[in-house]
Each structure stands twice: as structure tokens, then as C-alpha cells.
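Here are the chains, one letter per residue:
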Amino acid sequence: MLKRLLAMIPTLLGVAVLIFVLLRIVPGDVVEARYLAQGSQFQSQELMNQERAKLGLDQPIWKQFTTWMAGLARLDFGLSMWTGAPITEEIKLRFALSLQLAIMASLIAQCLAIPLGILAAIRQDTWVDYAVRVFSIAGLATPSFWLGILMILVMLISFKWVPPMVFTPLWVNPWENLAQLIWPALAVGYRYSAVGTRMMRSAMLEVLREDYIRTARAKGLWPKLILARHALKNAILPVLTVMSLEFAFLLGGLVVTEQVFNLNGLGMLFVDAISHRDYTLTQALVMLVATFFLFVNFFVDIAYAWIDPRIRYR
Amino acid sequence: MPGSTLESAIAEPRAAQGPRGLAVVLEFVRRRPLGAIGAGIILLMAMAAATAGLLAPYDPLANDYAAMLAAPGREHWLGTDAHGRDVLSRILYGSRTALMVGLGASLLGATLGSLIGVASAYFGGRTDLFVQRIMDVFFAFPVIILALAVVAVLGTGAGNVILAIATPMVPRCARVVRSSALSVREMPYVDAARASGFGHARIILRHMLPNVMAPILIMATAFLGEAILLEASLSFLGLGVQEPTAAWGLMLRGAAVEFAESAPWMAIFPGLAISLAVFGFNLFGDSLRDALDPRLRTQ
Amino acid sequence: MKRRARFLLFAAAASFSLLVQGQTPRSGGELVFPVPSEPPSYDGHREETFGLIHPIAPFYNTLLRVDPNDKSGTRPYPSLAESWTVSPDGRTYTFKLHRGVRFHDGSEMTSKDVKASYDKIIFPPAGVGSTRKGQYANVEKVEAPDPYTVVFHLKEKSGSFIASLLSPYNFIYKADILAKDMHWYEKNIMGTGPFTFVEHVKGSHVVGRKNPNYWDKGKPYLDGFRAIFMRESAAQVAAVRGERAHIQFRGFTPKDRDNLKAALGDRITVQESPWDCILLGAINHEKKPFDDRRVRRALTLALDRHGASKALSQIAIVKSVAGVQVPGTPFATPPEELNKLAGYWTDPEKSRAEAKKLLKEAGVPEGFSFTFKNRGIPMPYEPLGVWMIDQWRRIGLNVKQEVIEAAAYFGVIRKGDFEVAMDFQCGYIVEPDLDMYKFLSVDRNPANYGRYKDPVLDQLYDQQSRETDPEKRKAIVRQFEKRVLDDEAHYLMTLQWHRIVPHSSKVKGWTVTPSHYLNNTLDTVWLTE
């Protein structure tokens, strides 16, 4: 257990190196983004060099990396290069929004996926199966931005509903908060349920054909019991993997959805940070999502070993 | 009721794959109507891509401001866009872009990913741990960020978009394939193959890979649809294929959103094209998996 | 003395126009407006984005401002300075400050603060960023002889100095704070403006409350304002349409305007103006065959600007056919004269024939292919790019577009790694010195991405800059324009941006100007209910 926790450190280090290097390869930097972008008439190389020096961008790459690492070791993310404010302050509100949306969306996805997947599997090749599959695949096939655009358009025209202007945290006003996030959560949840449904269905089908299920059936156990005890337990395994991995993606990857529904979440912050070449903020975001992802992963692995005794980690 | 279905599901063995050629196709259509519909859609798309030059009524790149924002009608069946370009012609030509990027990216991503996944599970131990750590590093990046970074480094354009889309797919495929391969590794026939002194490559390719085909297929077909979608999303965000090239995602960008209310054909038809294509690939892939899954066949 | 008289006239005109509107301003209410981008820091001297002006400008005052009722956005108007005089040699400007102006902390604002603020802008100490330092290269020194007098000494006389003081970015900061920490204003807000700072929630909004001790008695009318950061224009439009927001000061597209008007009718008031921003085609003079002026002229001749003005103005935020000055402003060339320039002729077929002839003369083959680099910003870069490429196709050029991500764009273009590229310029005020600086030789202006050197052009620029007689100056501006756009075709102009601000009819006391940087102090703005 502790070993697996410790194993996260090299992975995180790898993530850190990768994002650090990637950002430096991408052309442009925060100073150019700030002073060349607005079509200003007067540009001064002197000013730009000065700003670079202030941000430590004139130092050798390895030095910049070690400075950053030293900060990380103290859990100090530093200041945003674009705004100069502490990164924790930049992230705070957006993280709350993204986390809540991710939780809501994956709850919706699972509530849809698991029953639908089971239903489709036990009624394989009947119209029920077809209907479930068409429903879930349609969700997978519709581009989320397109769906979002249509959704908003329909709601605007028929209900005069407009996307919220600002995010209200759950602890401030739960009702308003849920009213804001339910639409994007539904759009995202429906979409992600498709992956789970098809996974659930195929896993169920596989498990239903395993020898031990057949044996159990030969022994005359009541079919529903088999389904519950054996089949479900084993079928849920890959579903759990896929869904939990998706969960980590939901946290930082809902760029288009956030754009369409006017949500100031981590996805848009990512895009902003990259387009401003805000190295420190981008790095911090990547580290945050990566850490989050690794922890989710860690818990999935534990669950794995618990559910399926065939798998043991050495 | 559920009980009886369950029983039949458990008891009824799949017929062995016997017939060949046309018979296979007919059998597939009969047994898997959804898959056949999917295949039909894919065929339609492939034909559109192949014959776009003949079918398209207009030059997909020619602006005609006299006909800007024309509604669907006799002149322009699906209307025109903000620059007066024929929407139908752009959709037909757009299928080329979609197919090229989709196939390229999913082939690249699934092949690399499943090889890495199976090999990792097969070798186990430190190799596995090391590969998993490397994969984790990539995996921990949100897809869109990785794609953004790849596009930012390499630049836009179809070739780079394929790379950008395939990159995040590799670790995802490797991960899922590995988790299936882990249990396969413990199977007696793998041990037997090892005992007979077969080379690693042979065991991986001949003995393990076929037995994890199901997840690979699920991933690969999902990738195909997803790649088309991701290409559309990237183009929608302005990071994919570039104007004036005809591409579905591009057609949904900018004016299409703004004019959604007064000129809905600009947004609806390309959106439908994307959905239909992705739907077709997924439907087909889904049924293909049911048909090919070794565990669903009788041994 | 003459100046002082003019001022009284302005003040009279201003109050008169309020009367003409027939409504007395009503006090109260909170103005809600979306802002498409969030300010990086709060220091106006350092930043260069409307994302700072819209939410932050109401907390500050500048020495002078543009007349809030002037649609051309060029007329100087008193703010912290009540009046000014110019010495006969045109090199000394003396400003009389308004008395009794207090900072939000209660201390009095005096000439010391103005001097400290302008010293920070013009002569920033090492480590302090000032974007506009270059603009005031002509200033020798700033003096504060008594608490209510500020004197600017110039190196040479200038036709543009007053205009340069109208910059909405030149907030007056408190000298004592600057003396302690030059960077204090990057993260804090404390000015003399009509509103006091309440909060800024990152990624969400900025709130300002009415300053009860504002020096301009009776103002502001609003109880406060709420600036909400919203990236997406669709969401901004939806906010105005759902009547949750009153106005978005930057501008919407023509289609958004039509949709809003259709949905809300009389509850929407639309203000429009040519916009002091324009996309230009930068032609790299270091790449063949673009070193040949015939090829460059062909590129500009190919563009049917009058046709585009009709078509593109329906789908993009562009409209007027323009030269180097925004149409309708004091130094702009009248249309009939402008239409004599290459590429501005009213007959597109004639232009295209001429373009083809020039290409042939220059030895450029039919179907010649080159890459046009464009910037990854949807509006209006994308529609204009599609339009230009199509126009060039019509004279037999085969142009591919390469779109580069917005932030990386100018870094790439600056290095000269392109053949023809989209370029952009945008000003806070229409003024020849500012607008034409772009076209100076590359050794004088690194932002000249065409990378040419043209001493004749530079000389014309300097001549007009020193010319204080408007009529004479106009003539030189004309010469300059003809040389840069026609004779040499160094750069090519697309269409002038067009600013469309559809806002709630409840919003009064705000006038659109050619710049989305101007007129955002909000002291004159009021709500009908």
C-alpha cells in the first residue's frame, strides 16, 4: 500500500518534467503574450527583456526547473506569471466548480450505465438491447459542443433560460448551484454513460459465459443470485476502471462544455493559461490533475484487488 | 422473465464462424442488424469521400457573396454558409478529412497502445511497472491538454492533428488492454507456450493478443468515432484542420454558432454529418465485437 | 487662454447635450456588464488590454479624458486637470489641477501624485514595466511647481501631445504609495475615481461601489457596478438578451445585434461606430516575389473592398473602407479621394485586370502558390482570411492558409518567418502619430512586420508629427497614406473594424466611440430604473 503510494512520486516527477519541457518547446512566452498581442503601436524589446528577468525566464532551464521543484516540495505552487497572484487563489473557485461538475456528471453516467448495461446484456439481441445501444451510442456520437449549442438554443427560445453568469458555490446557495450545473452535468453524464454502458454490457456478456457461472447454474443456484453475486461483481471491474479514469478526465478536460455553458472551470483555465503562456499556472494545473488522477487510480487498484481475487499486486 | 432470458443467454452457445465470403456478410446482416446499419453508414461515408469530386455540385472553396446565407432550396440543397459556399459540397469534401484523420489516428493509437499494454502485462515485474509509470505520466494529462500541446508544438494541419489525437489514445488503450491481458497471462495456454520455448514476440502476438482482442476492438472502434469527434472538436476550437479546407468541425465554428437561430442549416447539417459518421462507426464496432469476441465463441 | 475658452465651450456643449436628451439623470442602480477577458494585473501603466479598462477604469481618473459625449472619441475634455495652456514655442504644457480631489483613502490628490504617476509611465525605474514609455519619448521632464500645477516639458513641439494624455490607461496613483512600492498598484486598487473597489473574485467578477466623496459633485449616478468575466460571446449575448446584464462595452457582431433587436425590440438600443482597429496584410519585403512592388500592388488590387464592405459587414465586425485613419475622424481621407488609391477603386473587374497585368509583368506565373499566415482568433480574423484567400484566387493566386495560435502568433511574425501574414493594429484614440507609427521603417519600429525601410515615409511621418496646423498636417497625412498603401503598397488594409454595442435601453449617458478602451469611467452613466 505504502509502496504504491510512494510509486506515485516518480510518476509525478515524470509529469512535471513532461509539462515543463512541453511548455518550453511551445513557441512564445508570457511576455510576448502580454506585450505583442494587443496590436500596440509601441513595442519595446527592453521592456520585454526586463519583464522576462523579473519572472526568472532569463535563467537557464535547469535552474528554472529546480526552483519550481523546490517550491513543489514545500507544496508552494508559486505565483501566476500572468496575474502575479498566488496560484492557489487562481484555482480555488474553478476547482470547486470542476470537481462538483465531475462528481455530478459521473454519478449521472453511472446511474445510467450500470442498469442499462446489465439490461442490454441479459436481453442480448432483443429490441431492448438494440434500444439501449442506440441510445447510448447516440450519446457518444453527438459532439458535445454541438449538443450544448442546440440545448442552449432550445432552452433560450422555449424557456428563456440563459446560462448562469457567475458560479455560485454549493455552500453559498445549494439550490441555485444545482440549477446551474444540472444541464452541463446531464450533457456530460449522458455522453460518458455511453462508454460505461457498452463496457458494462460486454463485461456482463463475458462473465455470463465464464465457466464458474455455468457451474453455479449447473448447481442450481437461482439465476438472479448468480447475477448479483458473481456476474455483477466481476463485470463491474472494467466498468469501474473506465468510469474512474473518465472521472479524472472530467476534472480538467471539459473545455468545450465549459465554453458552451459559460462555466469558469479548470478546463477553460487550462486553455487560458496555455494561451497566456502562463508556465507556472499551467504546470500547477497539470500537477493538480495528475495527482488527482493518481489517487483515483490508487483507489481503483485497491478496489480491483478486493473485488477480483485473481489479481494481486506484488 | 429476466431469469429466462438470463438462462438462455447463459445456455445458448454461439454458432462457430463457419461460412465465408458473401455468406458471412449475409449472416452478419441477419444476426446483427444494428451492425449492418453501421456498416451501411460507413460505406456511404466512404463513397462520399471517394466520389466527392463527382457528387459535389459546387467548388467547396468558392466564395459567392451574392448567395451568402442562402436557405436550403433548389440552387443549394443544404443551403450556403456565411461566405456563400455550398454546404452540401463542403460536407461531401469534409468526409475526406474526417475519414483520413479518424482512420489514421485510431489505427496509430490502438496499435501502439495495445502492443504496449500486452507486452507490459506479459513481461510483468519491473518492465510492467516501468511501462505503467511512463503510461501514467501521459495518462495523467487531460486529453485536450495533450492534444493542445502537440498542436502548439507541431502546428496545425491534418498530419499533425492525427498525431495530436493518437498521442492521448495510446496510454488509454494500453491501460485497458493491460488489465485484460493480466488475467490472460495466468491462463494455462500462455504458460504452455512459454514452456514450449516460443519467443516473447510470438507469445505476445499469437497467444495473448487474440485473447484480449475484445477490449482492443472496443477501444479501436471507440477511438475511430472518438477521433472523428476529437478532430471536429479541435477544428471547432480552431486547432485542427484550417480554412478554407472543408472539414465538419470547421463548419460548426464561428458563424454557424452565431447564426444558429436564423440560419440553422449551417450548424445542423455538419453536426448531423459528424453524429451520423460517429454513430455508424460505433454501431458497427459494437456488433463486430459481439461477433468476434473469442470468449463469446464456443471453444 | 484660448484653450481655457474652448473648455468652457465643451463643458457647455456637454451639459447641453444632456438637456437635448430631455432626461435628467437618475441616481441609483447597479450596472451589470460582462467583460470578455480578465485583467492580468490592476496596473494600467503596465497592461495593454480592455480587460483591464472595463472593470478597473471606474476606480481611477486620468489627467485628461475624451469628451464622454463625443462620438469621434477625439475631443479632449478636463478630468483631474481643469484647464491647460501651451507655451508659444509649443514645448511647455501647463495644467491646472482640480482642487479638493480626494483619493479613496481620504488623502488629497495634488500635483505630486500626477508627477509621480507620469514619472512612472515615462521614466520607469529599473524593474518597473511601462508599456507606453515609447509613446512619451518626446517628454523631457514633468514638474510640479505648486500643489495644483503640473508642467510637461517637451523636447520638440508636437501635434499629438494632448491626444497622448487622453490615454485611458494613465491612471493617477498616489505618490506616497509609489514611493514605497512601485509594484503596489499591480495587486491593489486605490484611486480617485467615481467608484471604490469592493471585490474581485478570480474567474468570476469585479464589484465597485459608488464613491460618495467623488470630487465631481453629483456624480456618479450609479450605486455601483458589477463586471462579470465571460469569455464566450454567446454567453455575453445571452446575458444581455436574458436582461441579466445591461451592456457589453467591447462590442457584438452584426448578427448578435439583429438577434437582440429581434428578441427585445425597444428594450435594446444599438450604438455603432467605426472602430479604431484594423487587420492589415503584412507583406514580407524580404521574401521573393514580394520584394517587387508590382506584386504587392497586385495583392492589394485584388481585394474588392467595396463589395466586401457590403457582404462582410453582415457576418463580421468590419464595415468601412478605410485608409490610415478611421473614417469620419478629423484626419481621415474623404471617400471620393480614398477611392483613387489602388485597391479602393469602385470597379472590381478593372482592379483585377490591373492586378493580373502587374503579376504578369513581374513574372509571377498563373497559379502561383504561397502561404498566408493568420492568427487563431475567430472574429474577425477568420472571415477576413477566408475572404482574402478567395479574392487572391480570383487573380490566379493559389493561397494556402496556416493558422497560428493567438499567443504564439506575433512571436512567429516578428521573426519574419512568413510570406504574407495578417497583422493587427488597434488604438485607444484616433490620432495620426499613433495610427501611422506602424508603417515606419523596421529599424524605427520593430512592429513593422513588412520589414521594409523607407526613409521617405519616415520623413513624412516626422513632418506631420511636428505640424501643429491641422490643415497642413492633413495634407502630409494624405501623402503618407498614398505612399504606404498605393505607390509602394508596403502594407495592405482590409476593412475598418466596426463597433456595435447593443445595450439595454435602460442604460443612458454612455456614448460609443471608435475605441473600446475609451469612455469607461462610468461617472456619466445612469439607469432609467
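Residues numbered from 1 in each chain as written. Chains lettered and ligands numbered in written order. Predicted model: local features only at pLDDT ≥ 70, side-chain atom pairs only at ≥ 80, totals over all residues.

Helix and strand content of chain A: 13 helices and zero strands. Beginning at the N terminus, the succession of helices and strands in chain A can be written as α-α-α-α-α-α-α-α-α-α-α-α-α. Across chain A, contacts joining residues at least 24 apart in sequence account for 72% of those joining residues at least 6 apart. (Helix = DSSP H or I, 4+ residues; strand = E, 2+ residues; numbered from the N terminus. Contact = placed C-beta atoms within 7 Å.)

A count of helical and extended segments in chain B gives 14 helices and zero strands. Ordered by position in the sequence, the α and β elements of chain B form the string α-α-α-α-α-α-α-α-α-α-α-α-α-α. In chain B, which comprises 299 residues, the proportion classed as buried is 55%. A separation of at least 24 residues holds for 71% of the contacts in chain B among residues at least 6 apart in sequence. (Buried ≥ 20, exposed ≤ 12 C-beta atoms within 10 Å, placed from the backbone.)

Glancing now at the nonpolar core. Judged by nonpolar contacts, the single largest core of 345 residues is most densely connected at A:V239, B:A147 and B:I165. Once residues lying within four places of it in the same chain are set aside, the contact partners of B:I165 are B:V101, B:A105, B:A147, B:A227, B:L230 and B:E231. (Core = buried A, V, L, I, M, F, W, Y, C linked by C-beta atoms within 7 Å.)

Right, let's get into the sheet that holds strand β8 (residues 195–201) of chain C. All names here are of chain C. Spatial ordering of the open sheet is given by β1-β10-β9-β8, a layout of four strands whose pairing is mixed. Looking along the sheet, the strands with just one partner apiece sit at the ends: β1 (30–35) and β8. Shown here is a sheet whose adjacent strand axes are inclined to one another by a mean of 15 degrees, direction ignored. Relative to strand β10 (residues 224–229), β1 is paired through six bridges, and the arrangement is parallel. For V32, the partnering residue across the bridge sits in β10 and is R226. (Pairing = 2+ DSSP bridges. Axes fitted to C-alpha atoms, helices over the stretch in contact; angles between N-to-C directions.)

Right, let's talk about the sheet that holds strand β5 (residues 92–97) of chain C for a bit. All names here are of chain C. Strand order in the open sheet formed by four strands is β4-β5-β7-β6, and the pairing between neighbours is antiparallel. For this open sheet the edge positions go to β4 (81–86) and β6 (139–146), each flanked by a neighbour on one side alone. Strand-to-strand twist across the sheet, computed as the mean angle between neighbouring axes with direction ignored, equals 20 degrees. Here β5 runs beside strand β7 (residues 149–154); their pairing, made up of five bridges, is antiparallel. When the sheet's bridge partners are listed, T94 is paired in β7 with V151. Where helix α3 (residues 111–122) meets the sheet, its contacts fall on β5, β6 and β7, and the angle it forms with β6 comes to roughly 165 degrees.

Let us look at helix α9 (residues 293–301) of chain C. Residues and elements named next belong to chain C. The buried count for α9 comes to seven of nine residues, which makes it a mostly enclosed element. Within α9, burial applies to V295, R296, R297, A298, L299, T300 and L301. At its buried positions, α9 is contacted by β11 (268–283), α12 (348–361), β15 (420–426) and β16 (491–504).

Each partner contributes residues to the interface: chain A has 51 residues there, and chain B has 50 residues. Residues that form the side of chain A that touches chain B fall into these classes: 34 nonpolar, eight polar and nine charged. (Nonpolar A, V, L, I, M, F, W, Y, C, P; charged D, E, K, R; others polar.)

So, on to unusual backbone geometry. All names here are of chain C. A cis amide bond links K219 to the next residue, P220, at an omega of -5 degrees. Note on placement: P220 falls in the loop between β9 (205–210) and β10. Of note, the phi angle at R451 is positive, near 60 degrees, even though the residue is not glycine. Inspection of the secondary structure assignment puts R451 in the loop between α15 (432–436) and α16 (455–466). Residue R451 is classed as partly exposed on the basis of its C-beta count, with 18 C-beta atoms lying within 10 Å. Positive phi outside glycine occurs at L522, with the angle close to 70 degrees.

Okay, the interface of chain A and chain C next. Taken together, the contact between chain A and chain C spans 43 residues of the former and 45 residues of the latter. Top element by residues in the side of chain A that touches chain C is helix α3 (residues 45–55) of chain A. It accounts for five residues. A breakdown of the residues in the side of chain A that touches chain C according to their chemical character gives 18 nonpolar, 16 polar and nine charged.

With that settled, the discussion passes to the pairing of strand β14 (residues 397–405) of chain C. Residue and element names in this part refer to chain C. By the bridge criterion, nine bridges tie strand β13 (residues 368–376) to β14 in an arrangement that is parallel. When the sheet's bridge partners are listed, G376 is paired in β14 with E405. Once you follow β13 into helix α13 (residues 381–393) and on to β14, the crossover reads as right-handed. (Right-handed = clockwise from strand over helix to strand, strands pointing away.)

The description of two helices packed together rests on the angle between their axes and the distance between the axes. One can describe the packing of helix α5 (residues 87–123) of chain B onto helix α6 (residues 125–139) of chain B by two numbers: an axis separation of 6 Å at closest approach and a directional angle of 145 degrees. Mapping the contact onto sequence places B:I116, B:S120, B:A121 and B:F123 in α5(B) and B:G125, B:T127, B:D128, B:V131 and B:Q132 in α6(B).

A few words on α12(C). Residues and elements named next belong to chain C. For α12, built from 14 residues, the straight-helix expectation of 20 Å at 1.5 Å per residue is met to within 8% by its first-to-last C-alpha distance of 20 Å. Of the positions making up α12, those classed as buried are S351, A355, L358 and L359. The arc that holds every buried residue of α12, seen down its axis, measures 100 degrees, which confines them to one face. Pointing more than 90 degrees away from the buried face of α12 are the exposed residues E349, K350 and E361. Residues of α12 that are buried make contact with α9. Positive phi shows up at G363, right after α12, with a value of about 75 degrees. (Expected span 1.5 Å × (residues − 1). Arc of directions from axis to C-beta.)

Moving on, we get to the environment of A:Y130. Topologically, A:Y130 is positioned in helix α6 (residues 127–141). In the structure, A:Y130 is positioned ten residues away from A:A120 in sequence and 7.7 Å away in space, judged by C-alpha atoms.

Let us look at the packing of α5(B) against helix α10 (residues 200–208) of chain B. Residues and elements named next belong to chain B. Their axes nearest at 10 Å, the elements α5 and α10 cross at an angle of 115 degrees. As the angle between them shows, α5 and α10 are arranged roughly perpendicular. As for the relative orientation of α5 and α10, their crossing is right-handed in sense. For the pair formed by α5 and α10, the contact residues are V118, A119 and Y122 on the first element and I203, I204 and M208 on the second. Class assignment of the residues belonging to the contact of α5 with α10 gives a composition of six nonpolar, no polar and no charged. (Parallel < 35°, antiparallel > 145°, perpendicular 65-115°, else oblique. Left-handed = near helix turned anticlockwise from the far one by under 90°.)

Function-wise, these values are silent; they only describe arrangement.
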